[in-house]
Amino acid sequence: MSIEVVCAVILNEKKQMLIGKRRSKNLAGYWEFPGGKVEKNEEVKQALKREVTEEIGAEAAIGPMVVPAYTYQYEFGNVRLQFYFAQLKDEMISPKIYEEYAWLSVSQLASKKWLPANQKVLDGLSQWDLNKVEFNE
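The structure presented is a predicted model; accordingly, all values stated were derived computationally and were not measured. (Residues numbered from 1 in each chain as written. Predicted model: local features only at pLDDT ≥ 70, side-chain atom pairs only at ≥ 80, totals over all residues. Heavy atoms only, no water.)

Chemist: How should helix 1 (residues 44-56) be read in this particular structure?
Modeler: Residues spaced three or four apart along an α-helix face the same direction, because each turn holds 3.6 residues. For helix 1, spanning 13 residues, the distance from its first C-alpha to its last is 18 Å, which sits close to the expected 18 Å at 1.5 Å a residue. Of the residues making up helix 1, those classed as buried are Val44, Ala47, Leu48, Glu51, Val52, Glu55 and Ile56. Each buried residue of helix 1 lies within a common arc of 135° when the element is viewed along its axis, so the set occupies one face. Tucked inside the fold, the buried residues of helix 1 contact strand 1 (2-10), strand 2 (17-22), strand 4 (35-37), strand 5 (60-74), strand 6 (77-88) and strand 7 (98-104). Gly57 sits one or two residues past helix 1 and shows a positive phi near 75°. (Helix = DSSP H or I, 4+ residues; strand = E, 2+ residues; numbered from the N terminus. Expected span 1.5 Å × (residues − 1). Buried < 20%, exposed > 50% of the residue type's maximum accessible area, 1.4 Å probe, protein only. Arc of directions from axis to C-beta. Contact = heavy atoms within 4.5 Å.)

Chemist: Looking at this structure, I do not really get the sheet that holds strand 3 (residues 31-32). What am I missing?
Modeler: Consider a sheet: its strands pair through backbone hydrogen bonds, and that pairing is either parallel or antiparallel. A sheet is described by the order of its strands in space; here 3 strands give the open sequence 3-2-7, paired in antiparallel fashion. The strands lining the two open edges of the sheet, one partner per strand, are strand 3 and strand 7. Across 6 bridges, the pairing between strand 2 and strand 7 is antiparallel. Pairing of Arg22 across the sheet is with Tyr98, part of strand 7. (Pairing = 2+ DSSP bridges.)

Chemist: Looking at this structure, I do not really get the packing of aromatic side chains. What am I missing?
Modeler: Applying the stated criterion across every chain yields a total of 6 aromatic pairs. Between Tyr70 and Phe83, the aromatic rings sit 6.2 Å apart at their centres with planes inclined by 15°, giving stacked as the arrangement. In this pair, Tyr70 sits in strand 5 while Phe83 sits in strand 6, placing the two residues 13 residues apart along the sequence. Under the relative-accessibility criterion, Tyr70 is labelled buried at 8%. What links up through ring pairs into an aromatic cluster is the set Phe33, Tyr70, Phe83 and Trp114. In this structure, Lys113 packs its charged tip against the face of Tyr30, placed 4.5 Å from the ring centre. (Phe/Tyr/Trp six-rings, centres within 6.5 Å; stacked < 30°, edge-to-face > 60°. Lys NZ or Arg CZ within 6 Å of the ring centre and 35° of its normal.)

Chemist: Looking at this model, I keep getting lost on a negative patch on the surface. Mind explaining?
Modeler: On the surface, Glu13, Glu59, Asp90 and Glu91 cluster together into a patch of negative charge. The residue Glu13 is located in the loop between strand 1 and strand 2 in this model. (Patch = residues over 30% accessible without salt bridge, like charges linked within 9 Å, V, L, I, M, F, W, Y side chains within 5 Å. Areas by Shrake-Rupley, 256 points an atom, 1.4 Å probe, with all protein chains shown as cover. Salt bridge = Lys/Arg side-chain N within 4 Å of Asp/Glu carboxyl O. Lys, Arg positive; Asp, Glu negative; His and termini not counted. Charge placed at Lys NZ, Arg CZ, Asp CG, Glu CD.)

Chemist: Got a minute to help me understand the pattern of salt bridges in this structure?
Modeler: Opposite charge on two side chains allows them to pair when their charged atoms are near. Under the defined criterion, the tally for this structure stands at 7 salt bridges. A salt bridge links Glu32 to Arg22; the nearest nitrogen and oxygen atoms lie 2.8 Å apart. Of this pair, Glu32 sits in strand 3 while Arg22 sits in strand 2, placing them 10 residues apart in sequence. The two residues Glu32 and Arg22 agree in class, both being buried. One salt bridge in this structure joins Glu54 and Arg50, with 3.3 Å as the shortest N-O distance. A residue pair is termed a helical-turn pair when its members lie 3 or 4 positions apart in one helix, as Glu54 and Arg50 do in helix 1 at 4 residues. One network of salt bridges, in which partners are shared, links Glu39, Glu42, Arg50, Glu51 and Glu54.

Here you go:
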């Protein structure tokens with residue numbers, strides 16, 4: 001059995017992405033995109049909106065999937081990951097769970113120490129023209 005996780009690649013008007021450095025005991029010090037577990041009986045996009053609000057303190061519009069869903073095997077078990085582009089509806093944010101956060105361009109992402117499970121989405125981001133990502137909400 002695997003844990004279902006959904007993450008937001010949040011874009012700002014400069015096409016930079018919001019990332020956070022984990023503070024939690026599990027995998028602390030690694031950088032990640034905001035997101036979390038999909039709860040039982042919860043739709044994926046509903047879960048993503050909830051997670052962004054809980055972690056960033058702002059509402060988000062959800063866009064297209066960044067890369068097809070995939071599973072990553074950690075020591076503690078399998079994690080099934082889904083990444084969607086998102087755009088914040090609020091200018092003000094208050095990240096609640098991160099030791100540190102940053103807005104980075106695609107070319108700057110490689111400078112951080114990422115969760116191993118995020119490599120596939122990092123590779124996939126280079127295939128996108130971020131100026132053409134649409135948010136239909």
